[in-house]
Amino acid sequence: MDYKSTLMWKELNEAAAVLKTLAAKNEAALAAIAADAKAAQVANIYTAARGTSDHAMIYFKYLVESKLGMPVASGAPSAVTMYGAKMRFNHTLVIGCSQSGKAADVMEIVKAGNECGAVTVAITNDADSPLAKLAKYHLCCCAGEEKSVAATKTFTCQLYLSLLLADALGADLNANGIGEMLEKAAAAVDKTTDGMAKDFIEAQECFILARGLSSALAFECGLKLQETCYIRSRAYHSSDFYHGPMAMVGKGTKVILFASKHSLVPAMDEVHRADYIQCAKKMEELGADLYVITDDADSFRGIDAHIELVPGGGNEAETVFCFALTAQMLACKVSCGKGLSPDAPRALKKVTVTK
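Keep in mind the model is a prediction, meaning the values are calculated, not measured.

1. Some thoughts on the pairing of strand β6 (residues 205-210)
Most of β6 is tucked away: 5 of the 6 residues are buried. Relative to strand β7 (residues 232-237), β6 is paired through 6 bridges, and the arrangement is parallel. Paired with I208 across the bridge in β7 is A235. Crossover handedness for the path β6 to helix α10 (residues 215-229) to β7: right-handed. Of the pairings in the sheet, the one linking β6 to strand β8 (residues 254-259) comprises 3 bridges and is parallel in character. Counterpart to L209 in the pairing with β8 is L257.

2. Side note on the environment of K333
Among the structural elements, K333 can be located in helix α13 (residues 316-337). For K333, a relative accessible area of 6% gives the class buried. Through-space distance from the C-alpha of K333 to that of P130 is 34 Å; in sequence the pair is 203 residues apart. Each residue touching K333, except ones within four places of it in the same chain, is listed here: Y3, W9, D190, T193, D194 and A197. Polar side-chain contacts of K333 include one of 2.8 Å to the side chain of T193.

3. Regarding unusual backbone geometry
Only a minority of non-glycine residues have a phi that is not negative, and only a minority of peptide bonds are not trans. Although it is not a glycine, Q41 adopts a positive phi angle of roughly 55 degrees. Considering the arrangement of structural elements, one finds Q41 in the loop between α3 (27-39) and β1 (44-49). In this structure, Y230 takes a positive phi of about 60 degrees despite not being glycine. Within the secondary structure, Y230 sits in the loop between α10 and β7.

4. Side note on the packing of aromatic side chains
Overall, the coordinates contain 10 aromatic pairs when judged by the stated rule. When the ring of F200 is compared with that of Y291, the centres are 5.1 Å apart and the planes differ by 65 degrees; the resulting orientation is edge-to-face. With F200 in helix α9 (residues 178-200) and Y291 in strand β9 (residues 289-294), this pair connects stretches of sequence that are 91 residues apart. Grouping residues by exposure puts F200 and Y291 together as buried. Where Y236 meets F241, the ring centres are 5.2 Å apart and the plane angle is 50 degrees; that geometry is what we call tilted. Grouped by ring-pair contacts, the aromatic residues Y59, Y160 and F321 constitute a single cluster. K254 extends its terminal NZ or CZ atom over the ring of F200, reaching a point 5.5 Å from the ring centre.

5. With respect to the state of the cysteines
One pass over the structure, following the stated rule, counts 0 disulfides. A disulfide-free cysteine, C141 has its sulfur positioned 5.2 Å from the sulfur of C157, the nearest such atom. Distance from the sulfur of C332, which forms no disulfide, to the nearest cysteine sulfur (C336) is 4.7 Å.

6. A word on the pairing of β9
Within β9, 5 of the 6 residues are buried, leaving the element largely enclosed by the surrounding structure. Bridge count for β8 against β9 is 6 bridges, and the pairing is parallel. Bridge pairing in β9 places K254 opposite D289. The parallel pair β8 and β9 is bridged by helix α12 (residues 269-285), and the resulting crossover is right-handed. Here 4 bridges tie β9 to strand β10 (residues 306-309), and the two strands are oriented parallel to one another.

7. A closer look at α13
Over its 22 residues, α13 extends 31 Å from the first C-alpha to the last, a length consistent with the 32 Å expected when each residue adds 1.5 Å. Buried residues dominate α13, accounting for 21 of its 22 residues. Sitting at the head of α13, N315 places a side-chain oxygen 3.0 Å from the backbone nitrogen of A317. Phi for G339, located one or two positions after α13, is positive at around 80 degrees.

8. Some thoughts on the nonpolar core
Judged by nonpolar contacts, the single largest core of 90 residues is most densely connected at Y59, L163, I256 and F321. At 14 residues, the largest contribution of residues to this core is made by α13. For Y59, the contacting residues outside a window of four places in its chain are L159, S162, L163, L213, A216, A317, V320 and F321. By size, the runner-up hydrophobic cluster in this structure holds 19 residues, among which are M246, V249, A259 and I277.

9. Section: the packing of α10 against α13
Running from N to C, α10 and α13 point in directions that differ by 15 degrees, and their axes come no closer than 9 Å. Our classification of the angle between α10 and α13 gives roughly parallel. Once α10 is placed against α13, the crossing between them reads as right-handed. The residues of α13 that touch α10, namely those facing L217, C221, K224, L225, T228 and C229, are V320, F323, A324, A327, A331, V334 and S335. Residues of the contact of α10 with α13, tallied by class, amount to 10 nonpolar, 2 polar and 1 charged.

Parameters and conventions
- Going along each chain's sequence as written, the residues are numbered from 1 onward.
- A pLDDT threshold of at least 70 governs which residues receive local features in this predicted model, and a stricter bar of 80 or more applies before side-chain atom pairs are shown or counted, although totals over entire chains, interfaces and linings include all residues.
- The side-chain figures draw on all heavy atoms in the structure; neither hydrogens nor water molecules are used.
- The cut-offs for exposure are 20% and 50% of the maximum accessible area for each residue type, with area from a 1.4 Å probe on protein chains only; residues under the lower value are buried, those over the upper are exposed, and the others partly exposed.
- Per the convention used, a helix needs a DSSP run of H or I reaching at least four residues, while a strand needs a run of E reaching at least two, with both numbered from the N terminus.
- Strands are treated as partners if at least two bridges between them are detected by DSSP.
- Handedness of a crossover: with both strands directed away from the viewer, a clockwise path from the first strand across the helix to the second marks it as right-handed.
- Residues count as neighbours in contact if any of their non-hydrogen atoms are within 4.5 Å of one another.
- The definition of a polar contact used here is a pair of N or O atoms within 3.5 Å, where within protein one atom must be able to donate a hydrogen and the other to accept one, and adjacent residues in sequence count solely through side-chain atom pairs.
- Whether two aromatic rings pair depends on their centres lying within 6.5 Å, for rings of Phe, Tyr and Trp, where Trp uses its six-membered ring; planes under 30 degrees apart make the pair stacked, over 60 edge-to-face, and the rest tilted.
- Criterion for a charge above a ring: Arg CZ or Lys NZ at most 6 Å from the ring centre, at most 35 degrees from the ring normal.
- When two cysteine sulfur atoms are found within 2.5 Å, that pair is recorded as a disulfide.
- Every helix has an expected span of 1.5 Å times one less than the residues it contains.
- Definition used in this section: a nonpolar core is a set of buried Ala, Val, Leu, Ile, Met, Phe, Trp, Tyr and Cys residues joined via side-chain atoms within 4.5 Å.
- Angles run from 0 to 180 degrees between N-to-C directions of axes, and those axes are lines fitted to C-alpha atoms, restricted for helices to the stretch in contact.
- Small angles under 35 degrees read as roughly parallel and large ones over 145 as roughly antiparallel, with 65 to 115 read as roughly perpendicular and the rest as oblique.
- In a left-handed crossing the near helix is turned counterclockwise from the far helix by less than a right angle, and in a right-handed crossing that turn is clockwise.
- Each residue is assigned to one of three groups, with Ala, Val, Leu, Ile, Met, Phe, Trp, Tyr, Cys and Pro labelled nonpolar, Asp, Glu, Lys and Arg labelled charged, and all others, Gly among them, labelled polar.

Below, the structure is given as structure tokens:
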């Protein structure tokens with residue numbers, strides 16, 4: 001199958017244009033959420049999501065905790081749906097994130113938030129969905145219908161809404177121009193992923209590593225390779241990887257490392273850089289077949305690795321969008337190279353409803 005003829009390819013390339021107008025379309029809702037959160041003296045945030053949507057919430061968690069110092073809990077909806085927990089969401093911003101807006105367990109968390117008087121927010125791609133109507137506020141991806149089972153443009157929109165929401169809450173991030181940046185980056189990312197995709201066509205398994213904001217993309221890349229390519233890919237925070245899983249790496253083990261040149265906080269750039277260089281050198285020592293997706297080629301000179309250079313932004317929060325596009329393009333190309341259809345993976349449906 002020609003990857004350029006797939007719905008997945010078409011849709012992932014629509015994301016940049018959608019981002020250009022997303023802030024304006026959600027401006028009123030973002031302002032209202034920020035005002036309500038301030039009035040309610042919100043002291044912590046609780047997110048509920050599954051799969052790709054949960055990866056967007058990992059990104060949001062790092063943005064808010066790093067810039068605002070406000071705790072963000074990645075919620076466990078099963079505590080409510082499977083164990084009957086009665087959550088205490090006083091002074092809490094509760095966010096339910098679901099592309100379809102039909103995730104039953106996520107809705108139960110938002111419902112519990114409503115009952116406690118929490119500030120509740122839904123992030124969906126459907127303003128008429130049950131979740132959008134249940135929450136007090138709705139942030140819409142406005143991405144149009146996504147037909148491929150693999151979520152691409154909706155995920156990118158969730159990332160951007162996360163950035164906009166963190167900014168509205170006071171994170172003081174540069175949330176402008178992401179759509180334009182992504183549009184300009186597309187050709188370079190397309191070129192970069194060509195060779196890498198050929199190398200992964202025969203791959204049966206791999207590990208994907210990152211830290212902080214970029215870890216959201218490690219997990220998303222892992223999911224994309226699993227669902228569209230049937231590769232047994234497993235993502236880890238690199239800091240967790242050292243605590244046991246690293247024992248599985250041997251000569252020729254494929255490892256992908258996401259490494260952004262800049263941190264979220266400029267003063268931490270050198271700490272950030274030292275961390276991913278250490279990780280790359282450890283993978284080299286173990287004999288891994290290492291692929292580094294980065295906008296920082298200079299830091300990896302002399303390390304035995306495939307340097308997959310992609311455009312970057314002024315900080316990691318922006319570069320993550322180029323990482324997202326890289327993961328999506330890579331998965332689409334590998335899937336088609338394997339003779340599969342990324343639009344209709346076996347055993348999967350577009351909308352997954354968990355309870």
